Amino acid sequence: VHLIWEINRKRMKTIISKSILILFVAAGAAVSCSMPMDGEYGTPYATYEIKGKVTDENGNPIKGIAVSCEDLDSDKIYTDEAGTFTLSAAGFPRAVINVSFRDVDEDENGGWYEDKSVKLETVHVKDGDGNWNFGAYEVQADVILFSFL
């Protein structure tokens with residue numbers, strides 16, 4: 001009886017171990033398939049310069065608006081006193097990118113302004129090296145934000 005118990009215990013341990021292994025492999029495959037491929041080694045990339053001006057509905061420049069690009073590897077920057085900004089970024093070559101504008105300083109810039117995300121077309125301005133580097137792109141992003149006050 002003890003021998004049968006020991007055999008069944010080993011068999012159950014093997015079945016449980018294999019089941020756990022299968023679950024981990026399946027979970028890993030599901031996660032890796034859903035992750036974006038941008039920035040992977042051996043994938044095409046390009047550099048981007050996103051320039052523009054943020055104004056209110058009356059044409060007045062708005063300082064302190066956070067500007068970021070959701071599709072590319074970039075830092076968040078802020079508009080200056082003239083409402084202008086230049087955002088440098090890098091990432092997978094794209095014909096269209098999403099740029100977000102957000103009023104993060106509340107009313108320090110003279111009002112409370114709407115958040116806005118816009119899709120903008122990129123312009124290819126410089127060829128790459130013919131390998132993974134697809135060159136440089138520029139984007140013009142002049143945006144009007146409406147005040148809540």
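Along each chain, numbering runs from 1 in the same order as the chain's sequence is written. A pLDDT threshold of at least 70 governs which residues receive local features in this predicted model, and a stricter bar of 80 or more applies before side-chain atom pairs are shown or counted, although totals over entire chains, interfaces and linings include all residues. Only hydrogens and water are removed before side-chain values are computed, so all heavy atoms of the structure are retained for them.

Asks: Explanation requested: the packing of aromatic side chains in the structure shown.
Replies: Within a pair of aromatic rings, the relevant descriptors are the distance that separates the centres and the angle that separates the planes. Each Phe, Tyr or Trp ring (for Trp, its six-membered ring) is paired with any other whose centre lies within 6.5 Å, and the angle between the two planes then decides the class: stacked below 30 degrees, edge-to-face above 60, tilted in between. One pass over the full model with this rule turns up two aromatic pairs. Summarising the aromatic geometry, the rings of Tyr 48 and Tyr 137 are spaced 5.2 Å apart at their centres and angled 20° between planes, so their arrangement reads as stacked. In this pair, Tyr 48 is assigned in strand β1 (residues 45–55) and Tyr 137 in strand β9 (residues 133–140), connecting sequence segments 89 residues apart. Note on accessibility: Tyr 48 and Tyr 137 belong to one class, buried. Considering the side-chain rings of Phe 85 and Phe 101, the 5.8 Å spacing of their centres and the 65° angle between planes classify their relative orientation as edge-to-face. Put simply, DSSP H or I for four residues or longer makes a helix, DSSP E for two residues or longer makes a strand, and each gets a number counted from the N terminus. Each residue gets one of three labels from its accessible area relative to the maximum for its type: buried under 20%, exposed over 50%, partly exposed in between, using a 1.4 Å probe on protein chains only.

Asks: What exactly am I supposed to notice about the pattern of salt bridges here?
Replies: Side-chain pairing between opposite charges can occur once the charged atoms of the two side chains come close. Whenever Lys or Arg places a side-chain nitrogen within 4 Å of a carboxyl oxygen from Asp or Glu, that contact is recorded as a salt bridge. Enumeration according to the criterion identifies three salt bridges in this entry. Where Glu 49 meets Lys 51, a salt bridge forms, and the shortest distance between an N and an O atom there is 3.4 Å. The exposure class of Lys 51 is partly exposed, given its relative accessible area of 36%. Across the pair Asp 115 and Arg 102 runs a salt bridge whose closest N-O atoms are separated by 3.6 Å. Within this pair, whereas Asp 115 is found in the loop between β6 (96–103) and β7 (116–121), its partner Arg 102 is found in strand β6, the two being separated by 13 residues in sequence.

Asks: Honestly, the sheet that holds β6 in this entry has me stumped. Any pointers?
Replies: The strands that make up a sheet pair up through hydrogen bonds in the backbone, lying either parallel or antiparallel. Here, strands pair whenever DSSP counts at least two bridges between them. Read across the sheet, four strands follow the order β4-β2-β6-β7 without closing on themselves; strand pairing throughout is antiparallel. Edge positions in the sheet fall to β4 (77–78) and β7, since each of these pairs with one other strand and no more. Bridge analysis of strand β2 (residues 65–69) against β6 gives five bridges, and the strand direction is antiparallel. If you follow Ser 68 over to β6, its bridge partner there is Ser 100.

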